[in-house]
Amino acid sequence: SYRTSGYNAQLHARLIDHACDAKYLVSVVVTVPFAPGTEGYNRSDCAIKRCLHAKRKVVTANTDTYENPDVFGFVGSSSADLGRLCADALLTGFDHEVTSGRVIVEAA
């Protein structure tokens with residue numbers, strides 16, 4: 001089921017813990033909408049690590065700022081890749097061959 005934390009760091013970590021405590025779950029999808037080094041990021045990271053320790057498969061979603069090599073996978077986009085794509089579009093006059101990835105623009 002889907003739960004929202006409203007950017008409340010303590011609630012966010014509790015929701016991750018609650019999902020990982022459920023005995024019938026094999027995997028959990030989480031997002032970490034907090035910047036590295038913040039209370040929210042650190043609480044989320046600790047909750048995710050507890051979840052991994054409980055042998056749950058954790059998938060992060062739309063989480064460009066969160067890094068954890070032990071998660072099962074990532075679903076979403078990379079802001080860096082999207083930024084590069086937008087720059088290529090602007091530099092090439094929105095050439096569809098470039099924006100679709102069929103033609104690579106060489107760096108200057």
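No experiment lies behind these values; they were computed from the predicted model shown. (Residues numbered from 1 in each chain as written. Predicted model: local features only at pLDDT ≥ 70, side-chain atom pairs only at ≥ 80, totals over all residues. Heavy atoms only, no water.)

Q: Looking at this structure, I do not really get the overall build of the protein. What am I missing?
A: On a plain count of helices and strands, the protein comes out with four helices and three strands. Helices and strands in the protein line up, N terminus first, as α-β-α-β-β-α-α. By the burial criterion, 29% of the 108 residues in the protein qualify as buried. Residue pairs in contact within the protein that sit at least 24 positions apart in sequence constitute 40% of those at least 6 positions apart. Total accessible area on the protein stands at roughly 7,500 Å², and carbon and sulfur atoms take up 57% of it. (Helix = DSSP H or I, 4+ residues; strand = E, 2+ residues; numbered from the N terminus. Buried < 20%, exposed > 50% of the residue type's maximum accessible area, 1.4 Å probe, protein only. Contact = heavy atoms within 4.5 Å. Areas by Shrake-Rupley, 256 points an atom, 1.4 Å probe, with all protein chains shown as cover.)

Q: Help me understand the state of the cysteines in this model?
A: Covalent bonding between the sulfur atoms of two cysteines defines a disulfide. With the rule as written, the count across this model stands at one disulfide. With a sulfur-sulfur separation of 1.6 Å, C20 is cross-linked through a disulfide to C51. Negative torsions about the S-S bond denote left-handed disulfides, and the value of about -85° found for C20 with C51 makes this one left-handed. Here the residue C20 occupies a position in helix α1 (residues 9-21), and C51 occupies one in helix α2 (residues 39-53), the gap between them amounting to 31 residues. One exposure class covers both C20 and C51, and it is buried. (Disulfide = S-S within 2.5 Å.)

Q: Would you mind showing me how to read the sheet that holds strand β2 (residues 57-61) here?
A: Within a sheet, adjacent strands bond to each other through the backbone by hydrogen bonds, running parallel or antiparallel. In spatial order, the strands read β1-β2-β3; together these three strands make up an open sheet with parallel pairing. Two strands in the sheet have a free side with no partner beyond their single neighbour: β1 (27-30) and β3 (73-75). For this sheet, the mean angle separating the axes of adjacent strands, direction not counted, is 25°. (Pairing = 2+ DSSP bridges. Axes fitted to C-alpha atoms, helices over the stretch in contact; angles between N-to-C directions.)

In short, the description is geometric, and any link to function would need to be established separately.
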